[in-house]
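Summary of structural features
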Amino acid sequence: MRLPPEPPFDPEAIPTDAVVSRGGRDLRLTWANGEEAVLPAETLRLRCRCAWCTRDRLQDRFPVTFEAIAVTKIDSLGGYAVNLGFSDGHARGIFPWVYLRDLARETAEERTPQAA
Ligand SMILES: [Zn+2]
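An unreviewed UniProt entry annotates the protein chain as DUF971 family protein of Methylobacterium brachythecii.

Structure, rendered in structure tokens:
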């Protein structure tokens, strides 16, 4: 059985460049439309949507911070998502590009609320 990837899928959410920088502390993304984002590893770790993290959140066992966390692995998954591994050993998170782009926009708004 073939399942479509995380509908609705927007091909424009796929970045032209995805680079782990600052020793894994940041994930830098660039899109074809000129949009750029720097996603801190901690933000990504905190927003992991895998079944384990989701369960821990429901059980109030999910950490509120991940100090000095770094991205240690980034693997493309079928073009629509990446699997990220973190320095705490957690590597189950699947991050669809659409989700990362939303997260990037959300983070950018928090940082610069005055920007258009
Ligand atoms: Zn997770």
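That was the structure; now back to the text.
Concerning the overall build of the protein chain
Secondary structure assignment for the protein chain yields 3 helices and 6 strands. Listed by position from the N terminus, the elements making up the protein chain come as β-β-β-α-α-β-β-β-α. Every one of the 116 residues in the protein chain was classed for burial, and the buried ones make up 35%. In the protein chain, once contacts between residues fewer than 6 apart in sequence are set aside, the share between residues at least 24 apart is 41%. Working note: accessible area of the protein chain is about 7,300 Å², and carbon and sulfur atoms make up 52% of it.

Structural notes on the environment of Pro 63
If you trace the backbone, Pro 63 turns up in the loop between α2 (51-58) and β4 (71-77). The sequence separation of Pro 63 and Cys 53 amounts to 10 residues, and the corresponding C-alpha distance is 9.6 Å.

Re the packing of aromatic side chains
Taken as a whole and judged by the stated rule, the model has 3 aromatic pairs. Considering the side-chain rings of Phe 62 and Phe 66, the 5.7 Å spacing of their centres and the 65° angle between planes classify their relative orientation as edge-to-face. Accessibility expressed as a relative area gives 10% for Phe 66, which makes it buried. In this structure an aromatic cluster arises from ring pairing among Phe 86, Phe 95 and Tyr 99. Geometry around Phe 86 places Arg 45 over its ring, the cationic atom sitting 5.8 Å from the centre. We note Arg 92 situated over the ring of Trp 52; from NZ or CZ to the ring centre the distance is 3.9 Å.

Things to note about the nonpolar core
With 25 residues, the main nonpolar core has Leu 29, Leu 39, Leu 44, Leu 84, Phe 86, Phe 95 and Leu 100 as its most contacted residues. Examining the composition of this core, we find that 6 residues originate from one element, helix α3 (residues 97-111), more than from any other. Setting aside chain neighbours within four positions, we find Leu 44 in contact with Leu 27, Leu 39, Val 71, Leu 84, Phe 86, Phe 95, Leu 100 and Leu 103.

Description of the pairing of strand β5 (residues 81-86)
Counting buried positions along β5 gives 6 out of 6 residues, so the element sits mostly inside the fold. Neither face of β5 is open: one carries Ala 81, Asn 83 and Gly 85, the other Val 82, Leu 84 and Phe 86, and all of them are buried. Pairing of β4 with β5 involves 6 bridges; the strand directions are antiparallel. Bridged to Asp 75 within β5 is Asn 83. The antiparallel pairing of β4 with β5 creates a hairpin that spans 3 residues between the two strands, and Gly 78 there sits at a positive phi of about 60°. The pairing of β5 with strand β6 (residues 93-96) spans 4 bridges and is antiparallel. By the bridge assignment, Asn 83 is partnered in β6 with Ile 94. Here β5 folds back onto β6, and the loop between the two strands holds 6 residues, one of which, Gly 89, carries a positive phi near 95°.

How each quantity is defined
Residues numbered from 1 in each chain as written. Predicted model: local features only at pLDDT ≥ 70, side-chain atom pairs only at ≥ 80, totals over all residues. Heavy atoms only, no water. Helix = DSSP H or I, 4+ residues; strand = E, 2+ residues; numbered from the N terminus. Buried < 20%, exposed > 50% of the residue type's maximum accessible area, 1.4 Å probe, protein only. Contact = heavy atoms within 4.5 Å. Areas by Shrake-Rupley, 256 points an atom, 1.4 Å probe, with all protein chains shown as cover. Phe/Tyr/Trp six-rings, centres within 6.5 Å; stacked < 30°, edge-to-face > 60°. Lys NZ or Arg CZ within 6 Å of the ring centre and 35° of its normal. Core = buried A, V, L, I, M, F, W, Y, C linked by side-chain atoms within 4.5 Å. Pairing = 2+ DSSP bridges.

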